[in-house]
Every structure is written in C-alpha cells, then in structure tokens.
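# Structural characterization, general
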Amino acid sequence: MKIERKKRPIRVLEIGCGWGLAGIYCAKTFAAKVTGLDADDTVFPYMVHHADVNGVEVQTWQCRYEKIRKVDLQQFDIMIAADICFWDEMVDPLYKLVRRAKQAGGVRVVIADPGRPTFSEMGERCVAKLGAYLEPWSTPHPHNTSGWVLDLDPNQID
C-alpha cells in the first residue's frame, strides 16, 4: 500500500502589498497561502475585496519592514514584492529585511521594480553582500516597459 503525503501549499508573504494583487494571483494560480503585509492598514479592505472577487482567501498583517523578525519570516516559503523601494529612506530597511530573510533560511525573495535608482542601490547591495541576482526584464509592444527583478534563492548553488 502506497501512502501519499499531501504537499502543503506554498506560503507567500507579499510585502508592501497595497491592494495585494500579486499575492492574490499566487493564491488563485498556485493555491498558495498568502499573507499581505503593509504598514498602511487602510489598504487591507481593498485586498480582501479583490481576494473575494477572485474566490481566494488572504491573511493581512500590518507591520513595517523594520519590525519583521527572522522567526516571522520562517513561516513563509517566499517573500514577494513589486515597486516598493521608491524613497531613499527605504533602501536600508529593505536591504536589512532581505538579509534577515536569507538568515532565516529557506525563504526565497523575489522583488520587481521599474528601475528606480533606490531599488538599484538596494539590489546591488543584495548582490554584493547576499549573493542575490539582479536581472533585467522587459515586455515588448504594445507595453514597451522594462525593469529589474531581484532574486535571492536559498536553493541556488553559489
């Protein structure tokens, strides 16, 4: 008799989630267990509404990057974000959060950005000090847009 173990859903933390559309996509497409984190709790009703419209559930967590601990990050498989490093004051807290994710072990970090200088500064620090990858991306016509993706994969062989 073969016993099959049920694989648990991937646990996603979307930081700076805003309305949580990336996390909701993960919940809907990959049946992920999603938590949306934002310092501004007024965004959560929008996130919950969009999750309801898409037939998925999400959790919310009001918190600033500086307050997220390694033990908190160990509850997740991947931390995602998009367009969250837009002020000079965000470079250091975001870098330190990515560093804590690496120290937590097993947490992948994927952050996309349209290419702001602040994101480039943070991303280059992650490459130099944490072994992350910083890759360009682009979308052709009719959108003609581009940016960068930071990827810190704990399973990547150095």
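This report concerns the structure included in the present document. (Residues numbered from 1 in each chain as written. Predicted model: local features only at pLDDT ≥ 70, side-chain atom pairs only at ≥ 80, totals over all residues. Heavy atoms only, no water.)

### So, the overall build of the protein chain
Within the protein chain, the secondary structure is distributed over 5 helices and 7 strands. Each helix and strand of the protein chain, placed in order from N terminus to C terminus, yields the pattern β-α-β-α-β-α-β-α-β-α-β-β. Taking 15 Å as the expected radius of gyration for a compact globule of 158 residues, we find that the protein chain reaches 16 Å, a close match to that expectation. Taking the principal axes of the C-alpha coordinates as reference, the protein chain spans close to 50 × 35 × 35 Å. Across the 158 residues that make up the protein chain, the buried fraction comes to 40%. Partitioning the contacts of the protein chain with sequence separation of at least 6, the portion at a separation of at least 24 is 63%. For the protein chain, the exposed area adds up to about 9,800 Å²; of that, 53% sits on carbon and sulfur atoms. (Helix = DSSP H or I, 4+ residues; strand = E, 2+ residues; numbered from the N terminus. Rg over C-alpha atoms; globule rule 2.2 N^0.38 Å. Buried < 20%, exposed > 50% of the residue type's maximum accessible area, 1.4 Å probe, protein only. Contact = heavy atoms within 4.5 Å. Areas by Shrake-Rupley, 256 points an atom, 1.4 Å probe, with all protein chains shown as cover.)

### So, helix α2 (residues 44-53)
Listing the buried residues of α2 in full gives F44, M47 and A51. The arc that holds every buried residue of α2, seen down its axis, measures 60°, which confines them to one face. Residues of α2 that are exposed and point more than 90 degrees away from the buried face comprise P45, D52 and V53. Where α2 is buried, its residues contact α1 (21-30), β2 (33-38) and β3 (58-62). (Arc of directions from axis to C-beta.)

### What about the nonpolar core?
Membership of the largest hydrophobic core comes to 31 residues, with the highest contact counts inside it found for I15, L73, M79, L94, I111, M122 and L150. Contributing elements (two or more residues each) for this core: β1 (11-15), β4 (78-82), α4 (88-104), β5 (108-113), α5 (117-130) and β7 (145-152). Here this core takes 8 residues from α4, the largest share from any one element. Not counting residues within four places of it along the chain, the set of residues in contact with I15 comprises L37, Y65, M79, I80, A81, I84, L94 and L97. (Core = buried A, V, L, I, M, F, W, Y, C linked by side-chain atoms within 4.5 Å.)

### Remarks on the sheet that holds strand β6 (residues 133-139)
In space, the 7 strands of this open sheet follow the order β3-β2-β1-β4-β5-β7-β6, with mixed pairing throughout. Looking along the sheet, the strands with just one partner apiece sit at the ends: β3 and β6. When strand polarity is set aside, the average angle formed by the axes of neighbouring strands in this sheet is 20°. Pairing analysis gives 5 bridges linking β4 to β5, with the strands arranged parallel. What sits directly across from A81, in β5, is I111. Each of β1, β2, β3 and β4 is contacted by α1, which is oriented at about 165° to β1, the strand it contacts most. Where α4 meets the sheet, its contacts fall on β1, β4, β5 and β7, and the angle it forms with β5 comes to roughly 155°. (Pairing = 2+ DSSP bridges. Axes fitted to C-alpha atoms, helices over the stretch in contact; angles between N-to-C directions.)

### Overview of the environment of R116
Mapped onto the secondary structure, R116 falls in the loop between β5 and α5. In this structure the C-alpha to C-alpha distance between R116 and C17, which are 99 residues apart in sequence, comes to 18 Å. Not counting chain neighbours up to four residues away, the residues in contact with R116 comprise D83, C85 and F86. Side chain to side chain, R116 and D83 meet in a polar contact 2.8 Å long. (Polar contact = N/O pair within 3.5 Å; in protein donor to acceptor, adjacent residues only side chain to side chain.)

### What to know about a negative patch on the surface
A contiguous patch of negative charge, built from D88, E89, E121 and E124, is present on the exposed surface. Elements that contribute at least two residues to the negative patch include exactly α4 and α5. One can find D88 in helix α4. You can call D88 exposed: its relative accessible area is 59%. (Patch = residues over 30% accessible without salt bridge, like charges linked within 9 Å, V, L, I, M, F, W, Y side chains within 5 Å. Salt bridge = Lys/Arg side-chain N within 4 Å of Asp/Glu carboxyl O. Lys, Arg positive; Asp, Glu negative; His and termini not counted. Charge placed at Lys NZ, Arg CZ, Asp CG, Glu CD.)

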